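Examining the three-dimensional arrangement
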Amino acid sequence: MTRRDLIRTGLLAVILAPFAALFRKRAETGTGYFWQIDPDKCVQCGKCETECILPQSAVKCVHQYASCGYCLFCSGYYQDKRIEFNTAGENMRCPTDAIIRTYVEDPYFEYKIDEEKCIGCGKCVKGCLSFGNGSLFLQVRRDLCRNCNECRIAKACPADAFVRVPADKPYIYRKPPEVKS
Amino acid sequence: MTQLPVLLAAQARFPAPEFESYSLPQMSLEELAADSVLWRVLVLCIFLAAGSVSFYKWRSRKAMLAYSLAGLAVFGFLFASCPCPVGMFQNVAQGIADGSYIQPGVLLLFAIPLAASLFVGRIFCGGACPLGAIQELLHWKSVFVPRPLDRILRMVPVLLLLIFTVCAMYGIGFPLCYLEPYLPVFLLDFATPFAILSAVFLIVGLFISRPFCRYVCPYGVLLRFFSLFSMLKPRITAAECVNCRLCEQGCPNGAVLPPENAGNAVQRRTGSRRLSMLVACIPFALFAGGLFGYFCAPVLSSFHRDVRLLHELDAGIRSEAVEAFESTETTESELRARVVKLENGILLASTAAGVLFGAAVMAELIAEARRRKEEEIYTIDPSLCFCCGRCYAACPLERKEKHHEK
């Protein structure tokens, strides 16, 4: 064995040993972590829409039906400065028309988020919080998120609302949805 | 938490209605997307093996070009710049600091090229690295960088590696990712202001071979170091070298070293005097490096969000972050304690990084002043060779041999 071989073996150990240690450390932490928004901290600044590296943000609005009031005049659905209560663009809160309103029974309406259209801007969340029950909230979608260690939204979030949650834990809701039989 | 009472009050405002024939729909939250990184690790291993065979066995420039092309297609566009030499080391550094950030796939992608460089040199840079591949293919005419400038610019990657490791470990962020010049090309997204940077690098790359690999890439610093001890070393020709210099002119990366002669006694004496001077300078260089790191620390920590938040609080700036902070439970003293701890950590790490940088500069200078082993023929420095195979194509003896084989 030449001196060079010895150095090479030593360096290989230098590469492999810390990595073995890191793997062990990783195994101890379990399934890994996932980015989520803590809805109680979120201030709906709108950065989720613009900061995500994906062409369309992995953050979407989620409707927690259990706490929805099914209002006729939904402040998440209509603009504050609406002209009339109809679906004309100037009356709508959502910039991409991603909230689908369907009649349930008098006087209640169901509001559903069209995920294809939702850009995660949080305008409806803010609107709902301002007057309604706050049943809408923003959340990182696991099926879309690339789970970057360096999440750009997390870095830009003014409220520090981005938290890392063990991947086997369920989503964080605004408040635990009431179980209705 | 101050939001909660408001929320509860709001909930009382519109109680959930009692429906006759309507049940609540399911919330639309789904499961985790599958992790595809381990599959990429496998592809990377296949690439490295194929690259090694075409470089060391076939000794073919054309095969290496095909290797780069395949690397660009697969790693660059299909995997969207996946084994990224810029992102990987920052991810690993962050994982070292906080175990919860460790991603096994990234760890493997980081370690495999390093381990491979101990056996086959910088085959990874040759074409498996998407950034290397694009620079290899988009190089037109070689303009040689003057030697002194080359030696100075070579220290930039070392500096970047050290600074951004500290940044990643202390949660300042991965700022280098935003400056990665080829990312807009791979993502085909030219709307960002950083696309200007990619245009600059692509144009410079037409004339100066691999500007990013040689003068920016922080991961390349590690590969360069490890490939010094590579088991297989590229050899320009198996036949007897006639010292025609064609390979030296053919190598745009300055990796071909001319024959080393003993020189006369006077030269040797000045050489050894210079060397001993340099060795005597080592402690001063380390101290100067440490001092540099010490003074850089406040600048680095000022980029951390907590430090910035505290600064805004102290200065009375009503920013979004300050307003959001005031709505949380964290008190100002808690934040202050956190910032002090953070700043101390960064100070220590930055000083250590400065010392390491001083050591790296000295190592470079000493390597330059040291007398090399006597060689009668042109040799390749494995730490600077990007395995492009241009020297094989340039060597007339190699060509003759290939011709005979046919």
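Residues numbered from 1 in each chain as written. Chains lettered and ligands numbered in written order. Predicted model: local features only at pLDDT ≥ 70, side-chain atom pairs only at ≥ 80, totals over all residues.

As a further point, take the overall build of chain B. Summing up its helical and strand segments, chain B has 21 helices and two strands in all. When its C-alpha atoms are laid out on the principal axes, chain B stretches across 95 × 60 × 35 Å. Out of the 406 residues belonging to chain B, those deemed buried represent 37%. Considering only intrachain contacts with a sequence separation of at least 6, the fraction spanning at least 24 residues in chain B is 84%. (Helix = DSSP H or I, 4+ residues; strand = E, 2+ residues; numbered from the N terminus. Buried ≥ 20, exposed ≤ 12 C-beta atoms within 10 Å, placed from the backbone. Contact = placed C-beta atoms within 7 Å.)

Our next topic: the overall build of chain A. Counting its regular elements, chain A contains four helices and six strands. Secondary structure elements in chain A, listed N-terminal to C-terminal, are α-β-α-β-β-β-α-β-α-β. Scaling as 2.2 N^0.38, a compact globule of 181 residues should have a C-alpha radius of gyration of about 16 Å, whereas chain A reaches 23 Å, well beyond that. Within the span of chain A, comprising 181 residues, buried residues form 38% of the whole. (Rg over C-alpha atoms; globule rule 2.2 N^0.38 Å.)

It is worth spelling out the domain arrangement of chain A at this point. Think of interface size as the accessible area that goes away when the parts come together; that is how it is often given. If you check the domain split of chain A, you get domain 1 (1–30) and domain 2 (31–166). Averaged C-alpha coordinates put domain 1 of chain A and domain 2 of chain A at centres separated by 46 Å. (Domains from an automatic or database assignment.)

Between chain A and chain B, the contact holds 47 residues from the first and 46 residues from the second. Elements that contribute at least two residues to the side of chain A that touches chain B include exactly α1 (3–28), β2 (59–63) and β3 (99–105) of chain A.

Residues and elements named next belong to chain B. The contact between helix α2 (residues 37–57) and helix α3 (residues 61–78) brings their axes to 9 Å, and the two run at 165°. Classified by the angle their axes make, α2 and α3 are roughly antiparallel. Of the two possible hands of crossing, α2 and α3 adopt the one that is left-handed. Counting all contacts with α2, which are made through Val43, Phe47, Ala50, Gly51, Ser54 and Phe55, the residues of α3 involved are Ala63, Met64, Tyr67, Gly71 and Val74. (Axes fitted to C-alpha atoms, helices over the stretch in contact; angles between N-to-C directions. Parallel < 35°, antiparallel > 145°, perpendicular 65-115°, else oblique. Left-handed = near helix turned anticlockwise from the far one by under 90°.)

All names here are of chain B. For chain B, the domain assignment lists domain 1 (37–236) and domain 2 (265–367). For domain 1 versus domain 2, the distance between C-alpha centres works out to 26 Å. Counting residues at the interface gives 14 residues for domain 1 and 14 residues for domain 2. Classifying every residue of the side of domain 1 that touches domain 2 by side-chain character gives ten nonpolar, two polar and two charged. (Nonpolar A, V, L, I, M, F, W, Y, C, P; charged D, E, K, R; others polar.)

Moving on, we come to the confidence of the model for chain B. Residue and element names in this part refer to chain B. Mean pLDDT over chain B: 87, with 94% of residues reaching 70 or higher. Low confidence marks residues 1–12, where pLDDT is under 50. Its contacts with residues over four positions away, or in another chain, come to eleven contacts. In the predicted assembly, ipTM is 0.75 and pTM is 0.85. (pLDDT = per-residue confidence, 0-100.)

The linkage connecting A:Asp106 with the following residue, A:Pro107, adopts the cis geometry, with an omega of -5°. With respect to the element layout, A:Pro107 can be found in the loop between β3 and β4 (108–113). One non-glycine residue, A:Asn147, adopts positive backbone phi at about 55°. For A:Asn147, the location among the structural elements is in the loop between β5 (136–140) and α4 (152–156). Of the residues examined, A:Asn147 has 18 C-beta atoms within 10 Å and is grouped as partly exposed. If you check the backbone angles, B:Arg210 has positive phi at about 45° while not being a glycine.

Turning to the pairing of strand β1 (residues 33–37) of chain A, a few remarks are in order. All names here are of chain A. Most of β1 sits inside the fold, with four of its five residues counted as buried. Strand direction decides the pairing type here: β1 and strand β6 (residues 162–166), joined by five bridges, are antiparallel. Counted as the bridge partner of phenylalanine 34 is valine 165 from β6. (Pairing = 2+ DSSP bridges.)

Attention now moves to helix α19 (residues 332–369) of chain B. Residue and element names in this part refer to chain B. Over its 38 residues, α19 runs 55 Å from end to end, which matches the ideal 56 Å to within 8%, given 1.5 Å per residue. Listing the buried residues of α19 in full gives Glu343, Ile346, Ala349, Ser350, Thr351, Ala353, Gly354, Val355, Phe357, Gly358 and Ala360. Elements in contact with the buried residues of α19: α9 (155–169), α16 (265–301) and α17 (305–315). (Expected span 1.5 Å × (residues − 1).)

By the element assignment, B:Gly173 lies in the loop between α9 and α10 (175–178). The class of B:Gly173 is buried, set by 20 C-beta atoms lying within 10 Å. With residues near it in sequence (within four places) discarded, B:Gly173 still touches A:Glu150, A:Lys155, B:Cys167 and B:Phe303.

Turning our attention to the environment of B:Glu398. All names here are of chain B. Secondary-structure assignment places glutamate 398 in helix α21 (residues 396–405). On the neighbour-count criterion, glutamate 398 (20 C-beta atoms within 10 Å) is buried. Placed 157 residues apart in sequence, glutamate 398 and cysteine 241 show a C-alpha to C-alpha distance of 9.7 Å. Residues in contact with glutamate 398, not counting those within four places in the same chain, are Thr237 and Tyr392.

Right, let's talk about the packing of α16(B) against α19(B) for a bit. Residues and elements named next belong to chain B. Viewed as axis vectors pointing N to C, α16 and α19 meet at an angle of 155°, and their least axial separation amounts to 6 Å. Between α16 and α19, the angle falls in the class roughly antiparallel. With respect to the hand of their crossing, α16 and α19 are arranged in right-handed fashion. Class assignment of the residues belonging to the contact of α16 with α19 gives a composition of 26 nonpolar, nine polar and two charged.

Residues and elements named next belong to chain B. Along its 21 residues, α2 runs 30 Å from first to last C-alpha, staying within 8% of the 30 Å computed at 1.5 Å per residue. Listing the buried residues of α2 in full gives Arg40, Leu44, Phe47, Leu48, Gly51, Ser54 and Phe55. Looking straight down α2, one finds that the buried residues subtend no more than 140° of arc, so they occupy a single side. Exposed and facing more than 90 degrees away from the buried side of α2 are Leu38, Trp39, Leu42, Ile46 and Lys57. (Arc of directions from axis to C-beta.)

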